[in-house]
Amino acid sequence: MHAYNASVHHSLMCTACHVKDETKQPVVKILAGKKLCNVSFKPMNCGSCHNSVVKEHEASVHNAQRLPVTCSKCHVDIHNITSIKNNKLASAKLCGECHKKVSHYFNSIHYQALVKGNMDAPGCIDCHGNHNINKIDNDAQGRSFHTQACLKCHADVKMMIRNKVTTIAPETYFESYHGKNMRLGYPEKVAGCSDCHSSHNILPAKDSNSTINKAHLANTCKQCHKDSGNKFTRFIAHAEPTNHSKFPLLFWVTNSMNALLIGTFLFFWIHSLLWAFRGFVEKRQIRNAAFFNKPAAASRQHQKINRKVYRRFKPVHIILHLFVVTSFLGLALTGLPLKFNHTLWGKALMSFYGGSANAGLIHRICAVITFGYLIVAMVMSCHFLFSKKISNESFFQRLFGYDSLFPNRKDFRDIKAMFRWFFFKGPKPKFDRWTYWEKFDFLAVFWGVAIIGSSGLLLWFPEFFGKFLPGWLFNVATIIHSDEALLAVGFIFTIHFFNTHFRFEKFPMDFVIFNGQVTEEEMIDERSEQWERYQKQGITEDFEVHKPTPLIWEVAMRVFGLLAVLIGITLALLIIYTFIS
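Everything numeric in this text was worked out from a predicted model, so none of it was measured.

Cut-offs used in this document
Residues numbered from 1 in each chain as written. Predicted model: local features only at pLDDT ≥ 70, side-chain atom pairs only at ≥ 80, totals over all residues. Heavy atoms only, no water. Salt bridge = Lys/Arg side-chain N within 4 Å of Asp/Glu carboxyl O. Helix = DSSP H or I, 4+ residues; strand = E, 2+ residues; numbered from the N terminus. Buried < 20%, exposed > 50% of the residue type's maximum accessible area, 1.4 Å probe, protein only. Arc of directions from axis to C-beta. Contact = heavy atoms within 4.5 Å. Polar contact = N/O pair within 3.5 Å; in protein donor to acceptor, adjacent residues only side chain to side chain. Pairing = 2+ DSSP bridges. Axes fitted to C-alpha atoms, helices over the stretch in contact; angles between N-to-C directions. Parallel < 35°, antiparallel > 145°, perpendicular 65-115°, else oblique. Left-handed = near helix turned anticlockwise from the far one by under 90°. Nonpolar A, V, L, I, M, F, W, Y, C, P; charged D, E, K, R; others polar. Core = buried A, V, L, I, M, F, W, Y, C linked by side-chain atoms within 4.5 Å.

Engineer: I tried to follow the pattern of salt bridges on my own but got confused; where do I start?
Structural biologist: Oppositely charged side chains can pair when the atoms bearing their charge come close. One pass over the structure, following the stated rule, counts 21 salt bridges. Lys 246 is the partner of Glu 240 in a salt bridge, and the nearest nitrogen-oxygen pair spans 3.5 Å. Taking the shortest distance from any N to any O, the salt bridge between Lys 308 and Glu 544 comes out at 3.9 Å. On the criterion of sequence distance, the pair formed by Lys 308 in the loop between α14 (294-298) and β3 (309-311) and Glu 544 in strand β5 (residues 544-545) is long-range, its members being 236 residues apart. Of the residues examined, Glu 544 reaches a relative accessible area of 19% and is grouped as buried. Through salt bridges with shared partners, a single ionic network connects Asp 403, Asp 432, Arg 433 and Arg 533.

Engineer: I keep staring at helix α4 (residues 88-96) and nothing clicks. Help me out?
Structural biologist: Note: α-helices contain 3.6 residues per turn, so residues at a spacing of three or four share the same orientation. The set of residues buried in α4 consists of Lys 88, Ser 91, Ala 92 and Gly 96. Angular distribution of buried residues about the axis of α4 spans 135°; they occupy a single face of the element. Packing partners of the buried residues in α4 comprise α5 (109-115) and α6 (124-128).

Engineer: Please explain the environment of Asn 243 as it appears in this structure.
Structural biologist: By secondary structure assignment, the location of Asn 243 is in the loop between α12 (214-222) and α13 (248-292). Of the polar contacts made by the side chain of Asn 243, one reaches the backbone nitrogen of Lys 246; its length is 3.1 Å.

Engineer: Sorry, what's going on with the sheet that holds β5 here?
Structural biologist: With antiparallel pairing, the 3 strands of this open sheet are ordered in space as β4-β3-β5. Whereas interior strands pair on both sides, the edge strands pair on one side only; in this sheet they are β4 (517-519) and β5. Judged from the 2 bridges that link them, β3 and β5 form a sheet pairing that is antiparallel. Paired with Tyr 310 across the bridge in β5 is Glu 544.

Engineer: Help me understand the environment of His 244 in this model?
Structural biologist: Tracing the chain through its elements places His 244 in the loop between α12 and α13. Separated by 37 residues in sequence, His 244 and Val 281 have C-alpha atoms that sit 48 Å apart. Discounting residues that sit within four places of it in the chain, His 244 has contacts with Phe 251 and Trp 252. Of the polar contacts made by the side chain of His 244, one reaches the side chain of Trp 252; its length is 3.5 Å.

Engineer: Explanation requested: the environment of Asn 51 in the structure shown.
Structural biologist: Along the chain, the position of Asn 51 falls in helix α2 (residues 51-58). Measuring from C-alpha to C-alpha, the distance between Asn 51 and Lys 389 comes to 90 Å, with 338 residues separating the pair along the chain.

Engineer: I keep staring at helix α16 (residues 344-353) and nothing clicks. Help me out?
Structural biologist: Among the residues of α16, Trp 345, Gly 346, Leu 349, Met 350 and Tyr 353 are the ones counted as buried. In a view along the axis of α16, the buried residues occupy a sector of 135°, so they form one face of it. More than 90 degrees from the buried face of α16, the exposed residues found are Leu 344 and Phe 352. Buried positions along α16 lie against α10 (177-184), α15 (315-339), α17 (356-386) and α26 (551-580).

Engineer: Mind showing me how you'd approach the packing of α17 against helix α20 (residues 436-460) here?
Structural biologist: For any two helices packed against each other, one specifies the crossing angle of their axes together with the interaxial distance. Running from amino to carboxyl end, α17 crosses α20 at an angle of 135°, the nearest separation of the two axes being 10 Å. In this view, α17 runs oblique relative to α20, as classed from their interaxial angle. Once α17 is placed against α20, the crossing between them reads as left-handed. The segment α17 lies against α20, with Arg 364, Val 368, Thr 370, Phe 371, Tyr 373, Leu 374, Ala 377, Met 378 and Ser 381 engaging Phe 442, Val 445, Phe 446, Val 449, Gly 453, Leu 457 and Trp 460. Of the residues assigned to the contact of α17 with α20, the class counts are 12 nonpolar, 3 polar and 1 charged.

Engineer: When you look at the nonpolar core in this model, what are you seeing that I'm missing?
Structural biologist: In summary, soluble globular proteins display a tendency toward joint burial of nonpolar side chains. If you look at the biggest cluster of nonpolar residues, it comprises 40 residues, and the most contacted ones within it are Leu 336, Val 489, Phe 493, Phe 514 and Ile 575. Looking at this core, the elements that each hand over two or more residues are α15, α16, α22 (472-502), α23 (512-515), α24 (520-526) and α26. Ranked by residue count, the leading element in this core is α15, at 7 residues. With residues near it in sequence (within four places) discarded, Phe 493 still touches Phe 328, Leu 329, Ala 332, Gly 568, Leu 571 and Ala 572.

So, to be careful, I would describe these as geometric facts and stop short of saying anything about function.
Have a look at this one:
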């Protein structure tokens, strides 16, 4: 009775728990001449007082068939219960009585901090709760727990500063592939905090028993990356690309990519805006001259224009471009949700694909297509530069010639003349077969595929490349792949779309890449030097087209082109909105 009076239940009468069962009659027995009354009592119900706790327990793993744990299992003697509320040490010892397999928790830095009186340090109940203990299976909910439990404390900046613990872990984790998938809602596909640092045996990296110690790091990585080696472990899990003192290489790579992004967009967006304004003015001048000063309009063209159509692209060029458009849209649609994993639209797109695994499969298929058309383009380029069937000109004559897509001195003169035209300082330059912006687009494909493709291969096959390349190259590859892809998407969906579809001469769409044909008027207006050269050479008739594009092909390609443009514009607007907001 003395123990009961010292327990947390001391204020309760015995009948609070031991209630007589009125439905049953007492049984009277006679033993040794004495009458004994055996009264029936209802089964004890903790929920009559601890209703909320019991409800939590009902939904917990401790109430499951797999692991049934009743109240009395932990609260052994209800007559002698003392409160351990907020007593993390006592709670940990109580849990440890059953959970022997995680006894190494008592060697961890968390428990050692608790022993020293630091109540910020986590005990069992901080991560798992008191009574509403969820199962931790290898599903989305269970895998999410591997990270969310750690974030309770490590994402608390004030707590981390108070305990002199670095605050970069959560931020840098969500910049990694693992963290991005976690944020998108697919934690079962990636590693969480406890997969690397362990769940209970949390030790500093310098401790020889730590899972992230150099001696054990390879085995830690092999839990997921089975063929990873020592070079692979040099991957920087919590890299800070903006920290010059700790990660100078990543700092300069990041800043170089930022400079490339800013420089490219700044130049070409200014170029497009100036062109849009100047094109509007020119179109207005031509219209006014046609209506109000007909002789001036007639003098605009010094020769008669026939209603003829000429071939600009061959079928192989059209097919290649279709592969380029399809694969590029596939890469953008599946890659951008990963980069913008924190946005609603990124999560919605990933959900539409059925998860990051499906998106990754589509992304890799599109990557293979990209490598395929790059190889074809390289073969065609080599054929153009070296085949005697093309021309008897030397290599350099072909490389810098009229039909080459490689820049030459005329392109730089054209850029200068174009800007003079923008500011009403001179006439619009005359162009030959290829303009300087078309050459930039073509070479950008080689540059982009080489950079994005090589970095993507590293990330696609990390275990293979980790056998002979240091792991920190994966950090570099991640930065380059992400930023270069953003540059490509932003350039194509804004600048390239303006050059080919949205300027006044082409709006709403330049259809030449889908049928390979241009009118004589377009040739004279846009590529007068090519037209004059063909006339001098007497080869204009060789390019004349005598049959119109089949109706079904034109309709199909216009629908395809419109869909591609709409997808591109939508993605561009979403990206811009995300950066602004």
